[in-house]
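Analysis of the macromolecular model
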Amino acid sequence: MKKIYIQEEYCIGCRLCEIYCQVKHSKSKKIIKAFKEEKSDILSRVLVEEIGYNSFAIQCRHCADAPCVEACISGAMQKNENTGVVICDENKCVGCWSCIMVCPYGVIKRNTSSRKVASKCDLCVDEDIPECVKNCPNEALKFIEEDKEKENQVKITNEIRK
Amino acid sequence: MALKLNQSEFEIERDESKCISCQVCVRQCSNDVHEYDSEQDNVYSDNIKCVGCHRCESLCPTGALKIKERQFQFKPNYNWTRDHLRNIYKQADSGGVILTGMGSDKPYIVYWDRILFNASQVTNPSIDPLREPMEIKTFVGRKPDDLEFEITRGSKGRGVKLKTQLFPQLELSTPIMFSAMSYGSISLNACRSLADAASEFGTYYNTGEGGLHKDLYKYSKNTIVQVASGRYGVDVDYLNKGAAVEIKIGQGAKPGIGGHLPGEKVTSDISDTRMIPEGTDAISPAPHHDIYSIEDLAQLIYALKEATDWSKPVGVKVSAVHNIAPIASGIVRAGADFVSIDGLRGGTGAAPLVIRDNVGIPIELAIASVDERLRKEGIRHKASIIAAGSIRSSADVIKAIALGADAVYIGTAALIAMGCHLCQKCYTGKCNWGIATQDPYLTKRLNPEVGTRRLLNLLRGWSLEIKEMLGGAGINAIESLKGNREHLRGIGLSQRELEILGIKHAGEAW
């Protein structure tokens, strides 16, 4: 499946991915309106982690064997068998936060604005390219096939070993 | 000392109805112009720190920011201009030499804009480059005095073989190369983009005097290695890694002036590449202390040819100064295979403002006079001429070639393609676009993949335009345009200027 990968050496820590993620998951989908009027209701599903000049954006890895799906007590967290995308059905979510406790990447957030539900990356399933990838100004975020990324990693490791 | 006489140069206009306090501007500005007040949930900007690089404006997701030139910083005065006042205040504060970056922005005549190119009508057909072959491949290097051929007889009949041994050449797929920008003056990501684009497109980039980083060894077929007065990073392996060697005597932005890379920019990587201790200032002397004459230059040229086994062209780069024609003639006679000439408006990472804006001559006049002189002396074929110093478009390229250059170097244009906004603050090391900096926070901002793609697009676009213009003039090979000044006409130029450029005025026919 296609996933979002970060080249952390080119992540510039601008956090535009977070901003566009918030807009995408707002009611109005309009950036100024979303931030001026719905700010308290919208959470970014991508997180930029920073220490010094090192920074990278991380979002749900859509694990093959997703612990959050396993831990979910209400059946809200489901992995789509065809697409591989892990999605939380907010209508079923009861806000027990089991998923948050088991997530090895810490990328599920508590959304407490209206109803208590778990909020996480949905890979913008209705878009060809997720919003964060589309709007990364330095093309540090990539939306590519898992196998291709593995190949890249092997190449990079080999180059470093040389 | 609270009194500051200088006013801010720019005005930052923040449209509060659009600003969403996302703080992208705060995070992107290396000059700390923007500051977020969490209590008021507002972003404030300090105009006086702004250098006008437009990074925040470009990244602002809502278009809330506008960087404007501030009008009426001082009472308007035709003689005592804003720049004069600013500089005097600055020097009265600091007592130092005013530094600057990039090429001169003073309103000297840009001759490119006073020259028009020709096209075919009726009497000779124009060529459509989309339907017919159009050759823009160029060779840089010494050409033989004459050619000897041999008739061969084989089983398949008679053939012709070239007997003359040719001199080493650089083969350019387009007459555009990237000019010398050292690792140190620009970031490794910028060097990598230039090298990658040059090798992909089949042209060359130049190391500048910063040595060659080991990550760039794989591009060595498309590398021109420079030997400058500081000799940084030069050893026999370095020379042999390049496709050609260039001796740097001068640079258009600062003729007669050396270089100075401050110690804080000499990181461990740069110290390895330049072969100097970490944290020490890299000072390039103004002259080469072993070159005080043409004869001395000849010695170095032949020493470099010997060191590289006579397998590579060795050229000399000089800045365009008053006596450029005889200087170029001397350089060719000293054995150089190409002469690079950098004009008045050529760029730099750091130069004294007064030198950049007042020393040298425009490249257009320099090419014309050098080409003319070398032809008169019958030595034009012994060396290629590379023109540099503010080539801004494909039209400038084609005019430079028609005036007599073999190829051009682009530096500033390449940086602009990678994001440079010409704020002229390269010497501060705080380049917000990640180009002229070694700060790890900032160098990340230039993804070499993006940089390479943008440079390739620029080369492609210009090459297509060159073909279009050549076709329009009924020429199907760039070789036929070299020094073909009949294809140029001046507009609004004096008789003397036309004579120096060797062109007719618009409206004059045969």
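Parameters and conventions
Residues numbered from 1 in each chain as written. Chains lettered and ligands numbered in written order. Predicted model: local features only at pLDDT ≥ 70, side-chain atom pairs only at ≥ 80, totals over all residues. Heavy atoms only, no water. Helix = DSSP H or I, 4+ residues; strand = E, 2+ residues; numbered from the N terminus. Phe/Tyr/Trp six-rings, centres within 6.5 Å; stacked < 30°, edge-to-face > 60°. Buried < 20%, exposed > 50% of the residue type's maximum accessible area, 1.4 Å probe, protein only. Lys NZ or Arg CZ within 6 Å of the ring centre and 35° of its normal. Core = buried A, V, L, I, M, F, W, Y, C linked by side-chain atoms within 4.5 Å. Contact = heavy atoms within 4.5 Å. Buried area = accessible area lost by both parts, 1.4 Å probe. Salt bridge = Lys/Arg side-chain N within 4 Å of Asp/Glu carboxyl O. Polar contact = N/O pair within 3.5 Å; in protein donor to acceptor, adjacent residues only side chain to side chain. Nonpolar A, V, L, I, M, F, W, Y, C, P; charged D, E, K, R; others polar. Pairing = 2+ DSSP bridges. Patch = residues over 30% accessible without salt bridge, like charges linked within 9 Å, V, L, I, M, F, W, Y side chains within 5 Å. Areas by Shrake-Rupley, 256 points an atom, 1.4 Å probe, with all protein chains shown as cover. Domains from an automatic or database assignment.

Now for unusual backbone geometry. Backbone geometry places A:Arg15, a non-glycine residue, at a positive phi of 65°. Along the chain, the position of A:Arg15 falls in the loop between strand 1 (2–6) and helix 1 (16–24).

Turning next to the packing of aromatic side chains. The relation between two aromatic rings is expressed through the spacing of the ring centres and the mutual angle of the planes. All told, the structure shown has three aromatic pairs over all chains when counted by the stated rule. For the pair A:Tyr53 and B:Tyr441, a centre-to-centre distance of 5.9 Å together with 75° between the ring planes defines the contact as edge-to-face. Taken as a pair, A:Tyr53 in the loop between strand 2 (47–51) and strand 3 (54–58) and B:Tyr441 in helix 13 (residues 440–443) lie in two separate chains rather than in one. Accessibility expressed as a relative area gives 44% for B:Tyr441, which makes it partly exposed. Plain terms: the ring middles of B:Phe74 and B:Tyr89 are 5.8 Å apart, the flat faces sit at 45° to each other, and that makes the pair tilted. On the criterion of sequence distance, the pair formed by B:Phe74 in the loop between strand 4 (65–69) and helix 3 (82–94) and B:Tyr89 in helix 3 is long-range, its members being 15 residues apart. For B:Phe74, a relative accessible area of 15% corresponds to the buried category. Positioned over the ring face of A:Tyr5 is A:Arg61, at 5.5 Å from the centre of the ring. Sitting over the ring of B:Trp433, B:Arg55 keeps its end group 4.8 Å from the ring centre.

A separate point is the nonpolar core. Core analysis: the biggest nonpolar cluster contains 105 residues, and B:Phe178, B:Ile341, B:Ile410 and B:Ile435 have the highest contact counts within it. The contact partners of B:Ile435, leaving out residues within four places of it in the chain, are B:Ser185, B:Ile186, B:Ser187, B:Ala190, B:Leu415, B:Met418, B:Gly419, B:Cys420 and B:Leu446. Membership of the second largest hydrophobic core comes to 34 residues, among which are A:Ile4, A:Cys11, A:Val117 and A:Phe143.

Turning to the interface of chain B and chain A, a few remarks are in order. Taken together, the 26 residues of chain B in the interface contact 25 residues of chain A. Across the chain B to chain A interface the summed buried area is about 2100 Å²; carbon plus sulfur atoms make up 54%. Seen at the junction of chain B and chain A, the total is two salt bridges. One salt bridge in this structure joins B:Glu449 and A:Lys142, with 3.1 Å as the shortest N-O distance. There are twelve residue pairs in polar contact (both at pLDDT 80 or more) connecting chain B and chain A. If you list the elements that add at least two residues to the side of chain B that touches chain A, you get helix 1 (24–28), helix 2 (55–59), helix 4 (188–201), helix 13 and helix 14 (448–472) of chain B. Ranked by the residues each element gives to the side of chain B that touches chain A, the list is headed by helix 14 of chain B, at four residues. Looking at the side of chain B that touches chain A residue by residue, the class counts come to eleven nonpolar, five polar and ten charged.

All names here are of chain B. Within this structure, the stated rule accounts for 43 salt bridges over all chains. Of the charged contacts in the structure, one is a salt bridge between Asp290 and Arg231, with a shortest N-O distance of 2.6 Å. One end of the pair, Asp290, is in the loop between strand 16 (282–284) and helix 7 (294–307); the other, Arg231, is in the loop between strand 13 (223–227) and helix 5 (236–241), and 59 residues separate them in sequence. Arg231 gets classed as partly exposed once you look at its relative accessible area, which sits at 27%. The residue Asp406 makes a salt bridge to Lys482 at a minimum N-O spacing of 3.4 Å.

We now examine the sheet that holds strand 22 (residues 488–490) of chain B. Residues and elements named next belong to chain B. Here three strands make up an open sheet; going across it, the order is 6-22-23 and the pairing mixed. Looking at strand neighbours, the two that pair on one side only are strand 6 (115–117) and strand 23 (504–505), the edges of this open sheet. Bridge count for strand 6 against strand 22 is three bridges, and the pairing is antiparallel. Across the sheet, residue Ile115 finds its bridge partner in strand 22, namely Gly490.

This next bit is on a nonpolar patch on the surface. Residues and elements named next belong to chain B. Nonpolar side chains collect at one region of the surface, where Leu147, Phe149, Ile151, Val160, Leu162 and Leu166 lie side by side and expose about 590 Å² of accessible area between them. Those elements giving two or more residues to the nonpolar patch turn out to be strand 8 (149–154) and strand 9 (157–162). In this fold, Leu166 is placed in the loop between strand 9 and strand 10 (170–172).

Looking now at the sheet that holds strand 13 of chain B. With respect to topology, eight strands assemble into an open sheet ordered 11-21-20-18-17-14-13-12 (chain B), the strand pairing being parallel. Looking along the sheet, the strands with just one partner apiece sit at the ends: strand 11 (176–178) and strand 12 (205–206) of chain B.

It is worth spelling out the pairing of strand 3 of chain A at this point. By the bridge criterion, five bridges tie strand 2 of chain A to strand 3 of chain A in an arrangement that is antiparallel. Each residue of the ladder has a partner; that of A:Val48, found in strand 3 of chain A, is A:Ala57.

A separate point is the domain arrangement of chain B. Put simply, an interface is often sized by how much accessible area is lost when its parts join up. All names here are of chain B. Looking at the assigned domains, one finds that chain B contains domain 1 (11–99) and domain 2 (170–505). Spacing between the C-alpha centres of domain 1 and domain 2 amounts to 33 Å. Each partner contributes residues to the interface: domain 1 has 15 residues there, and domain 2 has twelve residues. Both sides of the domain 1 and domain 2 interface together cover about 1300 Å² of buried area, and 58% of this is carbon and sulfur. Inspection of the region where domain 1 meets domain 2 yields zero salt bridges. Here domain 1 is connected to domain 2 by five residue pairs in polar contact (both at pLDDT 80 or more). Tallied by class, residues from the side of domain 1 that touches domain 2 come to six nonpolar, seven polar and two charged.

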